[in-house]
Amino acid sequence: ALAVAGMVGGAAAAPVGAAGKGEFVTVKQTHFARKGQTYYIAGANFWYGGYLGSPSGVGQRARLRKELDTMKAIGINNVRVLAVSEKTDMTSAVRPATTNGPGKYDEDLLAGLDFLVDELGKRDMTVVLYLNNFWQWSGGMTQYLNWFEGTPALDPNVTRDYDGYMAKTARFYANKEAQKEYRGTIKKIVQRVNTINGKPYRDDPVIMSWQLANEPRPGNGKASDKEKAIYTTWIADTAQYIHELDKNHLVSSGSEGLAGSAQDAKLFMASHSSKHIDYLTYHLWPKNWGWFDSKKPVESWDGAIARSRDYLNSHIDMAKTLGKPIVLEEFGLDRDGASFDIKAGTTIRDRFYGEIFELIGRRAAAGDPIAGWNFWAWGGAGRAANADYWWKQGNDFMGDPPQEEQGLYSVFDSDASSLALIKDHADKLRSLQK
Ligand SMILES: O=C1NC[C@H](CO)[C@@H](O)[C@@H]1O
């Protein structure tokens, strides 16, 4: 109707508020395309971007504008952001939360997302929004089970039982009531109208893609065939559901790759072959996965970088086989001496970032199905508030969510060598766009 109403002298005007189709990020064979060019992501993880955009409480809109300006200035063109959190009793989760119980939403935090999306649009940046979390730091899937199974949401930082946490959290996928509520939340966000600029999210090309969750896993490392089958079906069905709600945007899973697929390449390929999954994602965590010992950097570096290169190359090769673009949407390493102190050096982390950027840049230049990277994570002007580096409600937000020490993996605005490295490689990726 809008299109017809826009007819002026026979020339159809685009409906008010709707972007030209070419502005959306799309997939052309094995690359992203945007505005008639190949589009590479030189991105940052910025999980708390919506929180900073809130009009009250935790909102810090002036800081948000400054963070986006700083990122833009070093060539960052995309941010990966948590779209929704769930209120939970788990200690190491962010507070406040977007949903305070099934169907109960904090409109101020949702308005924060609106503000972020609008500010990104002013800077020609794009955003990946993830709609759930396999981990506890935003409530996530295990909080849904607390609501609908009635089981306690047990914080693995407290129980130290990560295997038990992962096996239990994966019950989310087959829990019908949890899936109904999750789809209700997806619908609410995907069909939201931005309260700042009046644009329906579905019509806003600032959003690059909807992501099922942060790091969804089929269970723990011993996931059964049944759990793997449930996981594979959940990815395809949920991705299809999102596409039914929104014809314009891409959909991805948020998977870590093999590390998030019980090290089962067949599972990673099968769970991402669905036509409803538009591009692949993988994450690289040498310290978390025990490849790198930051207290023994010299002894562990060679093994860690060799395994990292292998992880990168094998996932790019799997993307070739699947014929889909792939984004390394998380990678990180801690500061020198395994310190959380912002005054500690970043020599080793810079070397690691450089190795990642070089391999990805080289293979992207060779035409491999690479769509870019997002480092984990933007700390910017955030500063740790407590001597023990743990986050408490009211403290600054930074790249490290509440379940990790504040300063572990964050890249701060004072980390000049890291910012210079990021800028250099963002520029190199952009030079490939044609
Ligand atoms: O998604 C994630 N991947 C790794 C990050 C650093 O450990 C972690 O903070 C986050 O849960």
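Residues numbered from 1 in each chain as written. Predicted model: local features only at pLDDT ≥ 70, side-chain atom pairs only at ≥ 80, totals over all residues. Heavy atoms only, no water.

**Focus on the overall build of the protein chain**
Operational definition: Helix numbering and strand numbering both begin at the N terminus, where a helix is a DSSP run of H or I of at least 4 residues and a strand a DSSP run of E of at least 2. The globule rule used for comparison is 2.2 Å times the number of residues to the exponent 0.38, while the radius of gyration itself is calculated over C-alpha atoms. Exposed residues in this analysis have more than 50% of their type's maximum accessible area, buried residues have under 20%, and partly exposed residues fall in between, with area computed by a 1.4 Å probe over protein chains only. In what follows, a contact means two residues having at least one pair of non-hydrogen atoms within 4.5 Å.
When helices and strands are tallied, the protein chain shows 13 helices and 13 strands. The C-alpha radius of gyration of the protein chain comes to 21 Å, within 12% of the 22 Å expected for a compact globule of 434 residues. Reported as C-alpha extents along the three principal axes, the dimensions of the protein chain are approximately 75 × 50 × 45 Å. Across the 434 residues of the protein chain, 59% fall into the buried class. A sequence separation of at least 24 residues applies to 76% of the contacts in the protein chain between residues at least 6 apart.

**Structural notes on the packing of aromatic side chains**
Convention followed: Put simply, two rings from Phe, Tyr or Trp (the six-membered ring, in Trp's case) pair if the centres are within 6.5 Å, and we call them stacked under 30 degrees between planes, edge-to-face over 60, tilted for the rest. Here, a charge over a ring means that NZ of Lys or CZ of Arg falls within 6 Å of the ring centre while also lying within 35 degrees of the ring normal.
Under the defined criterion, the tally for this structure stands at 38 aromatic pairs. With centroids separated by 6.5 Å and ring planes inclined at 55 degrees, the aromatic side chains of phenylalanine 375 and tryptophan 378 adopt a geometry described as tilted. Exposure class is identical for phenylalanine 375 and tryptophan 378. Each is buried. Put simply, the rings of Phe46, Trp47, Tyr48, Tyr51, Trp137, Trp285, Trp376, Trp391, Phe397 and Tyr409 touch in pairs and so form one group of aromatic residues. Taking NZ or CZ as reference, arginine 349 lies 5.9 Å from the ring centre of tyrosine 353, over its face.

**Here we look at the packing of helix H5 (residues 140-148) against helix H8 (residues 176-190)**
We count it as follows: Between N-to-C directions, angles cover 0 to 180 degrees, with each direction set by a line fitted to C-alpha atoms, over the stretch in contact for helices. What sets the label is the angle itself: under 35 degrees gives roughly parallel, over 145 gives roughly antiparallel, 65 to 115 gives roughly perpendicular, and the rest give oblique. Handedness of a helix crossing follows the sense of rotation of the near helix relative to the far helix, less than a right angle counterclockwise being left-handed and clockwise being right-handed.
Packing of H5 against H8 brings their axes to within 9 Å, and their N-to-C directions diverge by 120 degrees. One element, H5, and the other, H8, form an angle in the oblique class. For the pair H5 and H8, the crossing hand works out as right-handed. Residues Tyr144, Trp147 and Phe148 of H5 pack against Glu177, Ala178, Glu181, Tyr182 and Thr185 of H8.

**So, the sheet that holds strand E2 (residues 31-34)**
The test is simple: Between any two strands, pairing holds if DSSP finds at least two bridges.
Strand order in the open sheet made by the three strands is E1-E2-E3, with antiparallel pairing throughout. Each edge of the sheet is formed by a strand with only one pairing partner; in this case those strands are strand E1 (26-28) and strand E3 (37-39). Across this sheet, the average inter-strand angle for adjacent strands is 55 degrees, counted without regard to direction. As defined by bridge partners, E1 adjoins E2 across three bridges and the pair is classed as antiparallel. Residue pairing in the sheet places valine 27 in a bridge with phenylalanine 32 of E2.

**Comments concerning the side chain of asparagine 175**
So the rule is basically this: Think of a polar contact as two N or O atoms within 3.5 Å of one another; within protein, one of them needs to be a possible hydrogen donor and the other a possible acceptor, and neighboring residues in sequence only count if both atoms come from side chains.
By the secondary structure assignment, asparagine 175 is in the loop between helix H7 (162-169) and H8. Here the side chain of asparagine 175 touches glutamate 177 through a polar contact of 3.1 Å, landing on its backbone nitrogen.

**Observations concerning helix H13 (residues 416-430)**
Note the following rule: How far a helix is expected to stretch is found by multiplying one less than its residue total by 1.5 Å. As used here, the arc is the angular range of directions from the helix axis to the C-beta atoms.
Over its 15 residues, H13 extends 21 Å from the first C-alpha to the last, a length consistent with the 21 Å expected when each residue adds 1.5 Å. Here H13 has its buried residues at Ser418, Leu419, Leu421, Ile422, His425, Ala426 and Leu429. Viewed end-on, H13 has its buried residues packed into an arc of 160 degrees, placing them on one side of the element. In this structure, the buried residues of H13 make contact with strand E4 (41-45), helix H12 (347-365), strand E11 (370-375), strand E12 (378-380) and strand E13 (411-412).

**Some thoughts on the site of the ligand**
Let me state the cut-off plainly: Near residues are defined by distance, with any heavy atom within 4 Å of the molecule or strand qualifying the residue. Computed with the Shrake-Rupley method and a 1.4 Å probe, the accessible areas treat only the protein chains shown as cover for residues.
If you check the shell around the ligand, you find Trp135, Trp137, Asn214, Glu215, Trp285, Asn288, Glu330, Trp376, Pro401, Gln403, Glu404 and Tyr409 and nothing else. One of the side-chain N or O atoms of asparagine 214 is found 2.9 Å from an oxygen atom in the ligand. At 3.1 Å from an oxygen atom of the ligand is found a side-chain nitrogen or oxygen belonging to glutamine 403. In isolation the ligand offers 300 Å² of accessible surface; the protein chains occlude 96% of this area.

**Brief notes about the environment of arginine 171**
With respect to the helices and strands, arginine 171 occurs in the loop between H7 and H8. Arginine 171 sits in the partly exposed class, given a relative accessible area of 40%. With 85 residues separating them in the primary sequence, arginine 171 and glutamate 256 have C-alpha atoms 19 Å apart. The contacts of arginine 171, once residues within four sequence positions are left out, are Leu145, Glu149 and Thr151.

**Topic: the pairing of E4**
In terms of burial, E4 is largely enclosed, as five of its five residues are buried. Of the two faces of E4, the one carrying Ile41, Gly43 and Asn45 and the one carrying Ala42 and Ala44 are both buried. In terms of strand pairing, E4 meets E11 through four bridges, oriented parallel. From the neighbouring strand, alanine 44 faces E11, where its bridge partner is phenylalanine 375. Looking at chain direction, E4 and strand E5 (residues 78-82) are connected through three bridges and run parallel.

**With respect to the pattern of salt bridges**
We count it as follows: When a carboxyl oxygen of Asp or Glu lies within 4 Å of a side-chain nitrogen of Lys or Arg, that pair is called a salt bridge.
In total, this model carries 29 salt bridges according to the counting rule given. In this structure, glutamate 119 and lysine 122 form a salt bridge, with 2.8 Å as the shortest nitrogen-oxygen distance. Residue glutamate 119 and its partner lysine 122 are located together in helix H4 (residues 107-122), separated by three residues, close to a single helical turn. Classification of lysine 122 by relative accessible area gives exposed; the value is 56%. For aspartate 341, the salt bridge identified is with lysine 343, shortest N-O distance 3.4 Å.

**Re the side chain of serine 209**
Structurally, serine 209 can be placed in strand E7 (residues 207-211). A distance of 2.6 Å separates a polar atom in the side chain of serine 209 from a polar atom in the side chain of tyrosine 279. Other than its neighbours up to four places away in sequence, serine 209 contacts Val127, Val128, Leu129, Leu250, Val251, Ser252 and Tyr279.

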